[in-house]
Amino acid sequence: MQTVDFSGLGLRPELLDALTALGYEEPTPIQAEAIPALLTGRDLVGQAATGTGKTAAFALPVLNALEEGDRGKKPSALILAPTRELANQVANAVSQYGQKVGARVLAVYGGAPITPQLKQLQRGVDVVVGTPGRVVDHLERGSLKLDGLRTVVLDEADEMLDMGFADELETILNQVPSVRQTVLFSATLPPKIARMAKKHLNDPVRVEIEKENVLAGESPKVTQTAHMVFRENKAATLARVLSVQQPTAAIVFCRTREEVDSLTEALKAKDVRAEALHGGMTQAERDRVMNRLRGGTADLLVATDVAARGLDVDHLTHVVNYNVPSAPETYVHRIGRVGRAGREGVAITLVEPRERRMIEAIEHLTKTKIPMAPIPTVADLRASRFGRTKDALVQALGSDLSDARKVIASLAKDHDPLDLAAAALSLVHAGTDEEEIPSAPVRAPRPERDDARPYSAGPTTRGGAHQRTGPPQRKGAAPGMAKVYIGAGRAAKVAPKDLVGAIAGETHLVGKQIGSIEITERFSLVEVPEKDLDTVVKALRASVIKGRKVSVRPDRDA
Ligand code: AMP
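Residues numbered from 1 in each chain as written. Predicted model: local features only at pLDDT ≥ 70, side-chain atom pairs only at ≥ 80, totals over all residues. Heavy atoms only, no water.

### With respect to the overall build of the protein
So, step 1. What the protein contains, in helices and strands, is 20 helices and 17 strands.
So, step 2. Taken over 558 residues, the protein has a buried fraction of 50%.
So, step 3. Accessible surface for the protein amounts to roughly 26300 Å². Of this, 53% is attributable to carbon and sulfur atoms. (Helix = DSSP H or I, 4+ residues; strand = E, 2+ residues; numbered from the N terminus. Buried < 20%, exposed > 50% of the residue type's maximum accessible area, 1.4 Å probe, protein only. Areas by Shrake-Rupley, 256 points an atom, 1.4 Å probe, with all protein chains shown as cover.)

### A few points about the sheet that holds strand β1 (residues 44-47)
So, step 1. Read from one edge of the open sheet, seven strands run β3-β4-β2-β5-β6-β1-β7, paired in parallel fashion. Here the strands that pair on one side only, and so sit at the sheet edges, are β3 (105-108) and β7 (205-208). With direction set aside, neighbouring strand axes in the sheet form an average angle of 15°.
So, step 2. Where β1 lies against β7, four bridges are found, and the strand directions are parallel. Paired with Gly46 across the two strands is Val207, which belongs to β7. (Pairing = 2+ DSSP bridges. Axes fitted to C-alpha atoms, helices over the stretch in contact; angles between N-to-C directions.)

### A look at the pattern of salt bridges
Where charged atoms of side chains with opposite charge meet at close range, the side chains can pair.
So, step 1. Applying the stated rule across the entire model yields 35 salt bridges.
So, step 2. A salt bridge links Asp126 to Arg104, with the shortest nitrogen-to-oxygen separation between them at 2.9 Å. Within this pair, whereas Asp126 is found in the loop between α5 (114-123) and β4 (127-130), its partner Arg104 is found in the loop between α4 (84-97) and β3, the two being separated by 22 residues in sequence.
So, step 3. Given the relative accessible area of 27%, Arg104 is considered partly exposed.
So, step 4. When the shortest N-O distance is used, the salt bridge between Glu140 and Arg522 registers 3.6 Å. Highlighted residues: Glu140 in helix α6 (residues 132-141) and Arg522 in the loop between β15 (517-519) and β16 (524-529), separated in sequence by 382 residues. (Salt bridge = Lys/Arg side-chain N within 4 Å of Asp/Glu carboxyl O.)

### Re the packing of α6 against helix α8 (residues 166-173)
Packed helices, taken two at a time, are described by their axes: the angle between them and the distance between them.
So, step 1. Running from amino to carboxyl end, α6 crosses α8 at an angle of 40°, the nearest separation of the two axes being 9 Å. Looking at the two axes, α6 sits oblique to α8. The handedness of the crossing between α6 and α8 comes out as left-handed. In this structure, α6 contributes Pro132, Gly133, Val135, Val136 and Leu139 to the contact, and α8 contributes Glu168, Leu169, Thr171 and Ile172.
So, step 2. Residue composition of the contact of α6 with α8, grouped by class: six nonpolar, two polar and one charged. (Parallel < 35°, antiparallel > 145°, perpendicular 65-115°, else oblique. Left-handed = near helix turned anticlockwise from the far one by under 90°. Contact = heavy atoms within 4.5 Å. Nonpolar A, V, L, I, M, F, W, Y, C, P; charged D, E, K, R; others polar.)

### Thoughts on the pairing of strand β11 (residues 300-303)
So, step 1. Going residue by residue along β11, you find Leu300 and Val302 tucked away on one face and Leu301 and Ala303 tucked away on the opposite face as well.
So, step 2. Pairing analysis gives four bridges linking strand β9 (residues 250-253) to β11, with the strands arranged parallel. Each residue of the ladder has a partner; that of Val252, found in β11, is Val302.
So, step 3. Pairing of strand β10 (residues 274-277) with β11, which is carried by four bridges, proceeds in the parallel orientation. Its bridge partner being in β11, Ala276 is matched across the sheet by Val302.
So, step 4. You can see the chain leave β10, run along helix α12 (residues 283-295) and come back into β11, and the turn it takes is right-handed. (Right-handed = clockwise from strand over helix to strand, strands pointing away.)

### Comments concerning the nonpolar core
Nonpolar side chains tend to gather and get buried jointly when the protein is soluble and globular.
So, step 1. Ranked by size, the top nonpolar core spans 45 residues in total, and within it Leu44, Phe58, Tyr97 and Phe185 carry the most contacts.
So, step 2. Setting aside chain neighbours within four positions, we find Phe185 in contact with Ile30, Ala34, Leu44, Gly46, Ala48, Lys54, Ala57, Phe58, Leu154, Asp155, Glu156 and Ala157.
So, step 3. Core analysis: the second largest hydrophobic core is formed by 32 residues, Val324, Val351, Ile359 and Ile370 among them. (Core = buried A, V, L, I, M, F, W, Y, C linked by side-chain atoms within 4.5 Å.)

### A few points about α4
So, step 1. Taking 1.5 Å per residue as the helical rise, α4 with its 14 residues ought to reach 20 Å, and the 20 Å between its terminal C-alpha atoms agrees with that figure.
So, step 2. Within the span of α4, buried status applies to Leu86, Ala87, Val90, Ala91, Ala93, Val94 and Tyr97. Considered in projection along α4, the buried side chains sweep an arc of 165° and stay on one side of the axis. (Expected span 1.5 Å × (residues − 1). Arc of directions from axis to C-beta.)

### Details of the packing of aromatic side chains
So, step 1. Counting across every chain of the model gives three aromatic pairs.
So, step 2. Centre to centre, the rings of Tyr24 and Tyr97 are 6.1 Å apart; their planes meet at 70°, and the pair counts as edge-to-face. With Tyr24 in the loop between α1 (13-22) and α2 (29-39) and Tyr97 in helix α4, this residue pair connects regions lying 73 residues apart in the sequence.
So, step 3. Residue class for Tyr97 comes out buried when judged on its relative accessible area of 6%.
So, step 4. Seen from their ring centres, Phe58 and Phe185 are 5.8 Å apart, and the 45° between their planes marks the pair as tilted. Of this pair, Phe58 sits in helix α3 (residues 54-64) while Phe185 sits in strand β6 (residues 181-186), and the two are 127 residues apart along the sequence. Phe185 matches Phe58 in its accessibility class, with the two residues each being buried.
So, step 5. A cation over an aromatic ring shows up here: Lys234 above the ring of Tyr322, its NZ or CZ 4.9 Å from the ring centre.
So, step 6. Here Arg553 stacks its cationic end above the ring of Tyr485, 4.1 Å away from the centre of that ring. (Phe/Tyr/Trp six-rings, centres within 6.5 Å; stacked < 30°, edge-to-face > 60°. Lys NZ or Arg CZ within 6 Å of the ring centre and 35° of its normal.)

### Some remarks on a nonpolar patch on the surface
So, step 1. Nonpolar side chains collect at one region of the surface, where Val394, Leu397 and Leu401 lie side by side and expose about 280 Å² of accessible area between them.
So, step 2. When you line up the elements, Leu397 lands in the loop between α16 (378-396) and α17 (402-411). (Patch = residues over 30% accessible without salt bridge, like charges linked within 9 Å, V, L, I, M, F, W, Y side chains within 5 Å.)

### Focus: helix α9 (residues 191-200)
So, step 1. Taken together, the buried positions of α9 are occupied by Ile193, Met196, Ala197 and His200. End-on view of α9: buried residues confined to an arc of 100°, all on one side of the axis. Pointing more than 90 degrees away from the buried face of α9 are the exposed residues Pro191, Arg195, Lys198 and Lys199.
So, step 2. Each element contacted by the buried residues of α9 is listed here: β1, β5 (151-154), α7 (157-162), α8 and β6.

### Regarding the side chain of Asp126
So, step 1. Residue Asp126 is classed as buried on the basis of its relative accessible area, which comes to 2%.
So, step 2. Once residues within four sequence positions are removed from consideration, Asp126 is found in contact with Leu66, Arg71, Pro75, Ser76, Ala77, Gly102, Ala103 and Arg104.

### Let's talk about the site of the ligand
So, step 1. Tyr24, Gln31, Gly51, Gly53 and Thr55 are the nearest of the 15 residues found near the ligand.
So, step 2. Between an oxygen atom of the ligand and a main-chain N or O atom of Gly51, the distance comes to 2.7 Å.
So, step 3. About the coverage of the ligand: the protein hides 85% of its 490 Å² of free accessible area.
So, step 4. Classifying every residue of the shell around the ligand gives three nonpolar, eight polar and four charged. (Near = heavy atom within 4 Å. Polar contact = N/O pair within 3.5 Å; in protein donor to acceptor, adjacent residues only side chain to side chain.)

Here it is in structure tokens:
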């Protein structure tokens, strides 16, 4: 495992300050490898999914290159992302990292009013983060000028291609200056990504998180589970899981100092005896915390990886990953802290929906399936609490109960002793009104393709452009039917007869077997019998529509 410091990467002090303020203690493996390479100006292909810290890996070098003083109006970096959610998230991260260098960051994506975007582009922007559809739109309007670009980043490139954005990416990459830095991040590197990298990148450095050789069966004896949770429910979920499991001694790993502090507070508020441990604490403070854990006055440490390094707690029973770790190897190292010397350990991981890929990478590395467990319900919580009270009651039977017996004896004249015992038990459990915590869906919903054209009511500058009042509504296919996505629409002058003609001409289907046809500005959806879906997709991929090859795939949104 690398132990590089942020300060050794060559970043400007303002950026280092921003990272300290965010509580980042050390670069993630992808950052440690990518940042120095990008600072030299090289192109780069990075294999990294969400959760690896890839955003900072490409954003920090972009920010590092911003000139001091007046930077003019044209952006020096363009970051392309597949969905509006990701574009927003990346733009927010870039703004945060770049606050102290005064970075002007704009997110452009469809479905949002275009006027504020136009205004901000006019005022001047350093970094544009956008979805391909909306970026092409701005290029056509002339509102976005790419001739000042020094860096282009393709984030989640595989996802962009899967969503049918190949044409838009080509259009954009053909308009950027030929001398530029191009950065491509992708969770997977299928041949089509390799082809794209070959065409548009210049002798790129390849960065992939180093795979330590972890063989199946080598992992310690650890029971592993994961819970799929929404971010806002993570602290409550952890408190619930701890309450049910009652670990003897546990470490909860967090990403940043801030997260350590806020989670510790949240757990303490729920009566968990938690202690914080991170790199911002003095040695004396750390020693105090460790003594509390060893002495049994604390049950749980909330720590960053840096703080927990070298820490030796031999009676640890539980390791909790409050987030999926930024590299699969980190997961293996962390869970190696329990289940030592033949003892059984427990590893619990909270997974946010966007971290799915990372958990898959861990499963791949460890060759072990990590079962997704439901979040314990209120009933589970009650059952475990009653179970513990039962044990405690049986133990208490051995102690001096004479005073308590006198009270019960007097009450028993008027009440049933069983009712009295039940009432006493319910008093012990009073005040624990808990609510159910919803699990997040285990399977990812398909993100919506962002094809948005301007939806504002005003006239557009392009002649003949259709105006709509909102984004295309994607409806499911009729029973027995499935939808085919065709990457050409009104902009390519596609009409229903072209689609029917292409399908009927290339397959055995006849016109009346084809269902509804939806044509939007940039793509079309055609309903075909479900059983013929593959045949139609294959046939259309091999043919041309309106004289050109277009991307065709089953429409997974339907
Ligand atoms: P990403 O893979 O870029 O989506 O980042 C995943 C999460 O990790 C984000 O919440 C980042 O704020 C956080 N993060 C990125 N780099 C670091 C770091 N070096 N230390 C701690 N947290 C980080």
